[in-house]
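For reference, the chains in residue letters:
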Amino acid sequence: MLEFPEECTDARFSSTQAQDSNEEDEEQEDLPSAGVYFDLPATLEELRKDLLRDYRHPATPPMSIKAHELTRAEMLSLKHYVAWKKSNGTVLAYKLHAQVLQDPSGVEILSLHSTRKLAKSVTDLYPSQVDMCPLSCLAYTGEFAEMKTCPYTRDGKVCGELRYKPKKRLTAKNKPRAQMMHLPVMATIKAMFANADTAKLLRHRDNCLKEALHLVATAPKAVKYSDFCDSKVHMHHHQSMGLFQDPRDIAFALSTDGAQLTMKRQSDTWLLILMVLNLPPEMRYKSNHIIYPFAIPGPNPPGNVESYLFPLFEEMAMASDGIWMWDAVDSSYFLNHACICMALGDMLGSAKLNGMAGHSAVYGDRFSMVKGARASLKKGSKAQYYPISPPQNSTYNPKRPPTYDLYNLPMREEKFYWQTIAKIQGAQFKTNRATITKETGISRMPLCAASPAFLHPTFFPLDPFHLFYENCMACLWDLWMTLSPMSDPIHINADKARKFGQLVPEAMSTLPSIFCGPVRDPFLKRQSQYKIYEWMALLHWYIIPIGIELEFNPVVLENFSYFVEAVEMAMTIKPRSEDELHNLHHILCKFLQGFQRIYIGDDPEKISRFRLCIFQLIHVPIHIQWNGSIRIGSQATVERAIGEVGHKIRSKKSPFANLANIIFERELIKLLLLHYPALDSSPAYRPNIRTHTHALHKQVKILKKEIKTSHKFHQHIRAICNWLNIEFDPELELRRWGKFKLQMGHVLRSQLSETQGKPPSRSARYFEAQNDDGGKIVFGEALAFFEVQETNDVLVVYQPMSGCEQQLNRWRGVWSNGIAVLPVSKITSIVGIWCSEKWVYILRKHPGLSLLNGEESEKSDEDEIEKEKEDEDEDEDEN
C-alpha cells in the first residue's frame, strides 16, 4: 500500500532519506521558528508579496459590515428584480410589471439601472474588468501588467497583438481591445456568513475535522476517510501547517475546464468555479452553492491560464491574511481566513495549472518518480508509457529500472519538488532548464504555489470523471477492437464486436430510465462523440455479462473485472478504513499486473498499450487517503456548470459578453437572497402530505370476476395467504396497487402497471431486496403490490430469481416458475436486467451516475417523461 508522507511539526510534509538525516539535524538550528525541513525559494515569498500588494487586515472591523437596512421602496424594487430575473423577463417586462406593482402599493419601484446599482451596493459584488489579448493568449496581469503588445508564443510565433485600440487623439485614454469580467469571491463568503442558515453549514468542515483528529488521537485503527474534511491532507493543514485554526476558516477547491459556447468556430471559453469545501458534500456541488469568479472569453483557448487567475489569487492572498466578516450565528464580527486547497482539472487542464511537464514527458506522472518507457527504437520515439516490467528493457530503455514494485513506488516528495524548483529558477540557460525538466517532470513554479495550503503532489488530484471512463474505458475498448491484430488474444473479432454492439441498445428495454438515457451501439458509434454515461454503461453493466455469453477471452474478462471492482469501490460514497484501502490497492495491483501479462507479454513494442491513464489507477487508494474520496477531484461539477450557463446564452453575435452578464446576474441574485431571504417570492416548499403512511400509488381495483375466475389473481392471493400463514381465501380484503415509491424517491413499477395502457419503452419493475433469512439478497420481478386491510401489511407479489450466483462479481440466475411475497420494506433498490438464452444478469445502479445530472445522462425518453408526469399526477390526486 502506498504510504502517506509522515506527519511532522513543520510547515511542510517531512520525508527525508536516511543518508541525509545527520545533515538535516544540523540544519534545524538555523531554521525559522515556524520550521521547515527544506528551503523554500525566495521567489515564492516574492510572489506572495506581489499578490498581497501591501494589504494588511485592519486591527478592528469596519463599521459597515452588517447588511444595509432596506427601505420599503428598496425592498420592493429588489424583490421585483429577483422575480423578474428568475422568470427570464425582458427589459420591457421589468418596466411594465414595475408599474403594476407601483400603482397599488403607492411605493416607487426603482428603474432597472438603479435597482442593479442598489443590488451591487448591498452585496458588495462589484465586477472588475481585466485587460486581455484579443486572441485570448493572456491577461495583462502580474508580469504582463505593463505590456502594450501580447508576448505569448503560440505555434512558434509571437502573437504581437496590440493591447489597446488606436487613439484618435494623443490625450485620449487607452481603451483595451478585449477584457474579461472578474467577480470578487469573498463577497459570497460574507453573504453566506451573514445568513444564519448557511453560516451554520459552513462549520461542517471543522466539525468533521475535529472528529477525525479525535479518532487519530484515541483510536487510530478506527479512522476512516470519507471527505476532504476528514482527509489526511486537511488534518495536516491543521496540525502541521497552522491553517484552519478557526472553525469558520474557508477551504476552496478550484476547478476549470473549456468548452465551445456555440456551434460556430472560435467560440472557446474557459469557465472557472470555486467549490466551498466547508459545506457538506451533498450540498457543495449544487449549482446554487458554487461560486463563479469568471469565464475566460475566446475566440481561442487561453494560452497562459495563470495570467487570468492572477486577480483571483490576489484576492485569495488578502483572504489568507484575513478579512473581517459578520457572523449571523454568533452575532459578532470575526476575522475570516480562506485559501484554495486544491486545483481540479482533467489531464490537459491540470497541466495548464500544475507546472509539470505533462503526460508526454519522461516523468509524466505527477504523483510518482516512475520513469516513462519507449515502445520503439526509432529516432524520436518518446518515453511516455508506464509498463511495470518492460520486456527487453536493457535494449529499449537502458536507463529505466527493469521493474517497478507497485507496493513500493517512488512517490514524489515535497522536499525534492522545492529543490527542483530552486534549480530551475537558478539555471542560467534555457537548455539547462529543459534538462532539469526532462529529469524531474517539473517545469516551473505554478501560481497555485502561492496558496498557503499548497502541497505537492496532492494539490492537483486525479479526476475520476475522465480517468475511469473517458480515458481508461475508451482505451481498453480501442485495444480490444482496433489497436490489436486479429491474432492477438485480447482482440475481439468483428463478428463478436458487431453482435455486442447490437445487443447493447436492445438491452435498453430492461434498464430503468432513472439509470441513464439510451446507450448507443459502441461498435458503430464509438467515433460519434460517445458520451461519458455510455462508457459508464459499458464498464458497469454490459461488457462482463454480454462478454461472458459471447465468449470473449475469459482471461481478458477476468482481468477487466478487477478494474470494474476497483472503480465501483472507489466511486461508492462510503467512509474507507486503512484495511479497505489496502484491499483496493491489492485489487488494482492484480489488474495492472494482469494487464502487463495479457496486453504486453514479451513484446517490447506493445508497451504503448500501458498508457499513463492505466498506470495512474494505482494512485486511487492514496488519493482517498489524501483527500477523503477520489470523487472530490471530479470535473463533473465544472462540466455541469458549463452546461448550465452555456444553455442560457442567446446572443450568437456576442456570446462572451452574454456569458459574463449571465454569470454576474446569477451571482448577484444568489448574494441578494443570502443577505435578504425575504426577497425570494418563489413558492415555499411544502412536503407531500399523503393520506397513507406508505408510498403505494396507482391503485388497481380488484374486479369480482377476478375473484371468481382469474387464475393469475388466485396465484397472487394464494402466495399472500401462505405468507400470512392462513388458509386460502379468494375474498381476502385487499387493496391492489401498481407502483411503489422507494425511500430514495424512485418509483418501482410492477408487471401489472406496465401492462396497462401504453407500455413504457423501458421497464422499471425489477428489484433487489433483503430477505428475513439472514439478510439474504433477493432479486425479483414485481408482479403487483397489495395492502392487507386487516393486518395493514404492504406486500409485493413477485417472481423470484433462483439459482443466484456471482460470475466475475456479477449476479446472475434464472427466473423461478413460482411466485413469492415480501414486505415492501425489504426492497432496497430498483435494478435492471439483461437476459441471455440461459441467464438473467442483474444490473445495479452504479455509483458513477450520481456525478451526472439528467442532461449529462441523457434522460430524455418521452415515454419515461410521460410516465413520471403520470406518477406526479397520481400523487396529487391522492392528496
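Residues numbered from 1 in each chain as written. Predicted model: local features only at pLDDT ≥ 70, side-chain atom pairs only at ≥ 80, totals over all residues. Heavy atoms only, no water.

What am I meant to see in the overall build of the chain here?
On a plain count of helices and strands, the chain comes out with 29 helices and 22 strands. Each of the three principal axes of the chain carries a C-alpha extent, and together these read 100 × 90 × 60 Å. Across the 879 residues in the chain, those meeting the buried criterion constitute 55%. Within the chain, contacts between residues separated by at least 24 positions form 69% of all contacts whose residues are at least 6 apart in sequence. On the chain, roughly 40700 Å² of surface is accessible, and the fraction owed to carbon and sulfur atoms is 51%. (Helix = DSSP H or I, 4+ residues; strand = E, 2+ residues; numbered from the N terminus. Buried < 20%, exposed > 50% of the residue type's maximum accessible area, 1.4 Å probe, protein only. Contact = heavy atoms within 4.5 Å. Areas by Shrake-Rupley, 256 points an atom, 1.4 Å probe, with all protein chains shown as cover.)

Explanation requested: the pattern of salt bridges in the structure shown.
Side-chain pairs of opposite charge can arise whenever the charged atoms involved come near each other. Evaluated as defined, the whole model comprises 31 salt bridges. Note that glutamate 805 and arginine 812 form a salt bridge whose closest N and O atoms lie 2.8 Å from each other. Using a relative accessible area of 28% as the deciding quantity, one classes glutamate 805 as partly exposed. Assessed through its relative accessible area of 9%, arginine 812 is described here as buried. Members of the salt-bridge network, linked through shared partners, are Arg203, Asp246, Arg248, Asp327 and Asp330. (Salt bridge = Lys/Arg side-chain N within 4 Å of Asp/Glu carboxyl O.)

It is not clear to me how the sheet that holds strand β6 (residues 250-260) should be interpreted in this structure. Could you clarify?
Hydrogen bonds along the backbone pair up the strands of a sheet, which may run parallel or antiparallel. Pairing in this open sheet of four strands is mixed, and the strands run β8-β7-β6-β11 from one edge to the other. Every other strand in the sheet has two partners, leaving β8 (291-296) and β11 (338-344) as the edge strands with one partner each. Neighbour to neighbour, the strand axes of the sheet diverge by 25° on average, direction disregarded. Two strands pair when backbone bridges link them, and strand β7 (residues 268-276) and β8 are joined in this way by four bridges, in the antiparallel orientation. Residue pairing in the sheet places leucine 274 in a bridge with isoleucine 291 of β8. Where helix α24 (residues 636-646) meets the sheet, it contacts β6, β7 and β8, and its direction lies at approximately 120° from that of β7. (Pairing = 2+ DSSP bridges. Axes fitted to C-alpha atoms, helices over the stretch in contact; angles between N-to-C directions.)

What is the right way to look at unusual backbone geometry in this model?
Both trends apply: most residues other than glycine have a negative phi, and most peptide bonds are in trans. With an omega dihedral of 20°, the bond running from glycine 298 to proline 299 counts as a cis peptide bond. When you line up the elements, proline 299 lands in the loop between β8 and α11 (305-321). A cis geometry characterises the amide bond from histidine 456 onward to proline 457, with omega recorded as 5°. Positionally, proline 457 belongs in the loop between α15 (430-440) and α16 (464-481). A positive phi angle is found at serine 136, which is not glycine, with a value near 70°. Here serine 136 shows up in the loop between β1 (128-131) and β2 (153-154).

What exactly am I supposed to notice about the confidence of the model for the chain here?
Any residue range with low pLDDT should be treated as having predicted coordinates unsuitable for detailed reading. Taken as a whole, the chain shows an average pLDDT of 89; of its residues, 90% reach a score of 70 or greater. Here residues 1-36 is modelled with pLDDT under 50, and outside its nearest four sequence neighbours on either side it reaches 70 contacts, counting other chains as well. For residues 685-693, every residue scores under 50 in pLDDT, and the model assigns this stretch twelve contacts once sequence neighbours within four places are set aside. (pLDDT = per-residue confidence, 0-100.)

How should the nonpolar core be read in this particular structure?
Side chains of a nonpolar character, in soluble globular proteins, are inclined to be buried together. Counting 239 residues, the largest nonpolar core has Phe252, Trp480 and Tyr542 as the members making the most contacts within it. Within the second largest apolar cluster, 17 residues are counted, among which are Cys721, Ala784, Leu795 and Val821. (Core = buried A, V, L, I, M, F, W, Y, C linked by side-chain atoms within 4.5 Å.)

What am I meant to see in α24 here?
Quick reminder: α-helices carry 3.6 residues per turn. Residues three or four places apart thus point the same way. When we look at burial in α24, the residues that qualify are Ala636, Thr637, Val638, Arg640, Ala641, Ile642 and Val645. Buried residues belonging to α24 abut β6, β7, β8, α16 and α25 (655-675).

What is the right way to read the side chain of serine 484 from this model?
Within the secondary structure, serine 484 is located in the loop between α16 and α17 (494-506). Within polar-contact distance, the side chain of serine 484 engages the backbone oxygen of leucine 479 at 2.6 Å. Setting aside its immediate chain neighbours within four residues, serine 484 contacts Leu479, Ile490, His491 and Arg609. (Polar contact = N/O pair within 3.5 Å; in protein donor to acceptor, adjacent residues only side chain to side chain.)

Explain the packing of aromatic side chains here, please?
The description of an aromatic ring pair uses the distance of the two centres, along with the angle that the planes make with each other. If you walk through the whole model with that rule in mind, you get 29 aromatic pairs. Pairing tryptophan 326 with tyrosine 333 gives two aromatic rings, centres 5.0 Å apart and planes at 70°, and the pair type is edge-to-face. With relative accessibility at 17%, the residue tryptophan 326 sits in the buried group. Looking at tyrosine 333, the relative accessible area reads 30%, which means it is partly exposed. Through pairs of rings, three or more aromatic residues link up here, namely Trp480, Phe560, Phe563, Phe591, Phe595, Tyr599 and Phe610. The residue whose ring lies beneath arginine 248 is phenylalanine 334, and the NZ or CZ to ring-centre distance is 4.0 Å. The residue whose ring lies beneath arginine 718 is phenylalanine 728, and the NZ or CZ to ring-centre distance is 4.3 Å. (Phe/Tyr/Trp six-rings, centres within 6.5 Å; stacked < 30°, edge-to-face > 60°. Lys NZ or Arg CZ within 6 Å of the ring centre and 35° of its normal.)

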